[in-house]
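A look at the structure
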Amino acid sequence: MTGRVGRIERATKETKISVEIDLDGTGTADVNTGVPFFDHMLDAFGKHGAFDLRVHADGDTHIDVHHTVEDTAIVLGQAIRQALGDKKGIRRFGDSWIPMDEALAQCVVDVSGRPYTVHTGEPEMMRGFVVGGHYPTVLNRHVFESLAFHGHLALHVRVLDGRDPHHITEAEFKAVARALRAATEPDARITGIASTKGAL
């Protein structure tokens, strides 16, 4: 199973974004969204998912980073869906537990073709916290919802422990990456679609 690459571009009055992802990569990332902490999270996503990832975004960050972050997640989800193609021979399900010092996050993903997101457990203070003076952690849920909806994934992300918003967010992104890596990997025992329906 080779050549699973997705390339998507999207332009609006608020953002111009291009994403390329190779699901069979080695974790090389080239990311520039104009939002440094989000770049750090996408770098980690590529590294720990073993995806080759290129993300370039030009957005109205002088107004707010919200548009750039959410729109980038939309395009990343679309690129993942494109890269998956007919989904033949993949494991389909993946899960991961990631500790980051005091933080612990779990992600379970089903490459189901049916978008759904469950995101629970972030401490209340995450709703008002801004990492590095520019990334509001309230955007985490927007990222995961946009990724799941446009990637056609059933995505469950849970925070089980943590007090540092940086650590919590990083554990979540890494957990999503590792779970998605497991779900999209080839399974030598699966020759067709991993579904009784015959389609995902």
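What this report covers is the structure whose coordinates are included nearby. (Residues numbered from 1 in each chain as written. Predicted model: local features only at pLDDT ≥ 70, side-chain atom pairs only at ≥ 80, totals over all residues. Heavy atoms only, no water.)

**Notes on the sheet that holds strand E6 (residues 103–110)**
Whether parallel or antiparallel, the strands of a sheet pair through hydrogen bonds between backbone atoms. Selection rule: DSSP calls a pair of strands paired once it identifies at least 2 bridges connecting them. The helix count covers DSSP runs of H or I at least four residues long, the strand count covers runs of E at least two residues long, and both are numbered beginning at the N terminus. Axis definition: a line fit to C-alpha positions, over the contact stretch in the case of helices; interaxial angles, taken between N-to-C directions, run 0 to 180 degrees. By definition in these notes, contact holds between two residues if any of their heavy atoms fall within 4.5 Å.
Ordered by their spatial adjacency, four strands build an open sheet running E5-E6-E10-E7, and the pairing between neighbours is mixed. The sheet is open, and its two borders are formed by strand E5 (93–100) and strand E7 (116–120), each paired with just one other strand. If you compare each strand with its neighbour and ignore which way they point, the axes differ by 10 degrees on average. Bridge count for E5 against E6 is eight bridges, and the pairing is antiparallel. For Trp 97, the partnering residue across the bridge sits in E6 and is Gln 106. Contacting E5, E6, E7 and strand E10 (154–161), helix H4 (residues 165–184) crosses the sheet at an angle of about 155 degrees to E5.

**A word on the sheet that holds strand E4 (residues 52–59)**
Overall, mixed pairing links the four strands, which are arranged E1-E2-E4-E3 in an open sheet. Only two strands of the sheet have a single neighbouring strand rather than two, namely strand E1 (5–11) and strand E3 (29–32). Strand-to-strand, the axes of this sheet are offset by a mean angle of 5 degrees, without reference to chain direction. Inspection of the sheet shows strand E2 (residues 15–22) paired to E4 by eight bridges, in the antiparallel sense. Across the sheet, residue Ile 21 finds its bridge partner in E4, namely Leu 53.

**Overview of the packing of aromatic side chains**
As a reminder of what qualifies: Aromatic pairing here means that ring centres of Phe, Tyr or Trp (its six-membered ring) are within 6.5 Å. Orientation follows from the plane angle: under 30 degrees is stacked, over 60 is edge-to-face, and everything else is tilted. Any residue under 20% of the maximum accessible area for its type is buried, any over 50% is exposed, and the rest in between are partly exposed; the area is computed with a 1.4 Å probe on protein chains only.
Overall, the coordinates contain five aromatic pairs when judged by the stated rule. Arranged with centres 5.5 Å apart and planes meeting at 45 degrees, the rings of Phe 45 and Phe 51 form a pair that is tilted. When sorted by exposure, Phe 45 lands in the same class as Phe 51, which is buried. Each ring, one from Phe 144 and one from Phe 173, has its centre 5.3 Å from the other, and the planes form 50 degrees; the classification is tilted. Of the two residues, Phe 144 sits in helix H3 (residues 139–151) while Phe 173 sits in helix H4, which places them 29 residues apart along the sequence. By way of ring pairs, the aromatic residues Phe 37, Phe 38, Tyr 135, Phe 144 and Phe 173 are connected into one cluster.

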